[in-house]
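Residue-level structure breakdown
Take a look at the letters that make up each chain.
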Amino acid sequence: MIRLNKYLSEAGVCSRREADRLIGAGRVSVDGRAAQLGMQIEEGQSVLLDGKPVEKKEGLILLAVNKPRGVVCSEKSQGGDVNIIDFLNYPQRITYAGRLDKDSEGLLLMTNQGDLIQRMMRGANSHEKEYEVTLDRDFNDRFLKDMAAGVSLRELGVTTRPCQIERIGKRSFRIVLTQGLNRQIRRMCGEFGYHVQELKRVRVLNIRLGHLKTGAWRNVTEKERLELMALLDEGQEDVQDE
């Protein structure tokens, strides 16, 4: 038995929340009858959305990819750029959970589960993402304190959340963010007059890049997957408690 909203999510139709909206709107039927919120279904039952069959995909695919610089996070080609889908050429349809810009490299998670992407990327859940950054010149400790306290990004009209940051070299630091604003680290550094020369993401939640070679990928382990799901469940509880 599986909840209908989870079935729709794992079929790649939408997130669970959106599935509940579709069910509530009367657009989903099971064995010819209007579906009900919270209902469970068994293997072999006929599920239709707007009169069209919905087939559940194969099991979870979750990859850790070391995206090279120059590859864009897009599902379609953009000019002469190579997109991550074509670069990997994975035999089943997958997409990315959280972008890395063209000039950045490092850990990119890719999956076939839309609901998992929604849960990971929901900004209110404050999921951690860790980066290693190299600037164009030396910086002092004041820069680290100002970055950690939150930076007013004039171009976006927002102030970043306080974050963890530590020096790892004269021109390099490690930073942990809990939000995903567009080109956030580059914009933060730019507010202090610095230019980012290298930016690598080394962790998303509990999944680490480790020694994965540039351009390579691996399957996320079962242990990592279970830890990830537990963290996502905790994050959802925290949001509901607010």
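Everything numeric here is computed off the predicted structure, so don't read it as measured data.

1. Focus: the overall build of the protein chain
Looking only at helices and strands, one finds seven helices and 19 strands in the protein chain. Along the longest, intermediate and shortest principal axes, the C-alpha atoms of the protein chain span 65 × 40 × 35 Å. Counting only residues that meet the buried cut, the protein chain has 43% of its 242 residues in that class. Long-range contacts, defined as pairs at least 24 residues apart, comprise 64% of the intrachain contacts of the protein chain with a sequence gap of at least 6. When the accessible surface of the protein chain is totalled, it reaches about 13,300 Å², and 45% of it is carbon and sulfur.

2. Considering the pattern of salt bridges
Considering all chains together, one arrives at 20 salt bridges under this definition. Between Asp138 and Arg171 there is a salt bridge; the shortest N-O distance is 3.0 Å. One end of the pair, Asp138, is in the loop between β12 (129–135) and α5 (141–149); the other, Arg171, is in the loop between β15 (164–167) and β16 (172–177), with 33 residues separating them in the sequence. Looking at Arg171, the relative accessible area reads 39%, which means it is partly exposed. With a closest N to O distance of 3.3 Å, Arg142 and Asp146 form a salt bridge. Separated by four residues within a single helix, Arg142 and Asp146 lie in helix α5, roughly one turn from each other. The network of salt bridges with common partners includes Glu128, Glu130, Glu132, Glu166, Arg174, Arg203 and Arg208.

3. Focus: helix α2 (residues 16–24)
Note on helix geometry: an α-helix contains 3.6 residues per turn, so any two residues three or four positions apart are oriented the same way. Residues of α2 that are buried include every one of Ala19, Leu22 and Ile23, and no others. Down the axis of α2, the buried set is contained in an arc of 100°. They therefore lie on one face. Along α2, exposed side chains directed more than 90 degrees from the buried face belong to Arg17 and Gly24. Buried residues along α2 sit in contact with α1 (4–10), β2 (28–30) and β5 (47–49). Positive backbone phi, at 80°, marks Gly26, one or two positions downstream of α2.

4. Focus on the packing of aromatic side chains
The tally for this structure, following the rule as stated, stands at six aromatic pairs. Ring geometry for Phe139 versus Phe173: centroids 5.8 Å apart, planes at 80°, classification edge-to-face. Placement of Phe139 in the loop between β12 and α5 and of Phe173 in strand β16 is noted, with a sequence separation of 34 residues between them. Judged by relative accessible area, which is 7%, Phe139 ranks as buried. Their ring planes at 55° and their centres at 4.8 Å tell us that Phe143 and Tyr194 sit as a pair that is tilted. Linking Phe143 in helix α5 with Tyr194 in the loop between α6 (184–190) and β17 (196–204), this pair joins segments that are 51 residues apart in sequence. In this structure, Phe143 and Tyr194 share a single accessibility class: buried. Among the aromatic side chains, those forming a connected cluster through ring pairs are Phe139, Phe143, Phe173, Phe192 and Tyr194. Here Arg137 stacks its cationic end above the ring of Tyr194, 4.1 Å away from the centre of that ring.

5. Section: the sheet that holds strand β6 (residues 52–53)
With antiparallel pairing, four strands are arranged side by side in an open sheet as β3-β2-β5-β6. Two strands bound the open sheet, and with one partner strand each, they are β3 (33–34) and β6. Taken together, the two bridges between β2 and β3 define a ladder with antiparallel strand orientation. In the strand pairing of β3, Ser29 is matched with Ala34.

6. Some points on the confidence of the model for the protein chain
With 93% of its residues at a pLDDT of 70 or more, the protein chain has an overall mean of 89. Taken as a whole, residues 237–242 scores under 50 in pLDDT and shows two contacts with residues more than four places along the chain or in a different chain.

7. Let's talk about the pairing of β17
Here two bridges tie strand β11 (residues 105–111) to β17, and the two strands are oriented parallel to one another. Directly across from Gly106, in β17, lies its bridge partner Arg201. Sheet topology note: the β12/β17 ladder contains seven bridges and is antiparallel. Bridged to Glu132 within β17 is Lys200. Connecting β17 to the antiparallel partner strand β18 (residues 207–208) that follows it, the hairpin turn spans two residues, and Leu205 within it adopts a positive phi of roughly 55°.

So, how was this worked out
- Residues numbered from 1 in each chain as written.
- Predicted model: local features only at pLDDT ≥ 70, side-chain atom pairs only at ≥ 80, totals over all residues.
- Heavy atoms only, no water.
- Helix = DSSP H or I, 4+ residues; strand = E, 2+ residues; numbered from the N terminus.
- Buried < 20%, exposed > 50% of the residue type's maximum accessible area, 1.4 Å probe, protein only.
- Contact = heavy atoms within 4.5 Å.
- Areas by Shrake-Rupley, 256 points an atom, 1.4 Å probe, with all protein chains shown as cover.
- Salt bridge = Lys/Arg side-chain N within 4 Å of Asp/Glu carboxyl O.
- Arc of directions from axis to C-beta.
- Phe/Tyr/Trp six-rings, centres within 6.5 Å; stacked < 30°, edge-to-face > 60°.
- Lys NZ or Arg CZ within 6 Å of the ring centre and 35° of its normal.
- Pairing = 2+ DSSP bridges.
- pLDDT = per-residue confidence, 0-100.

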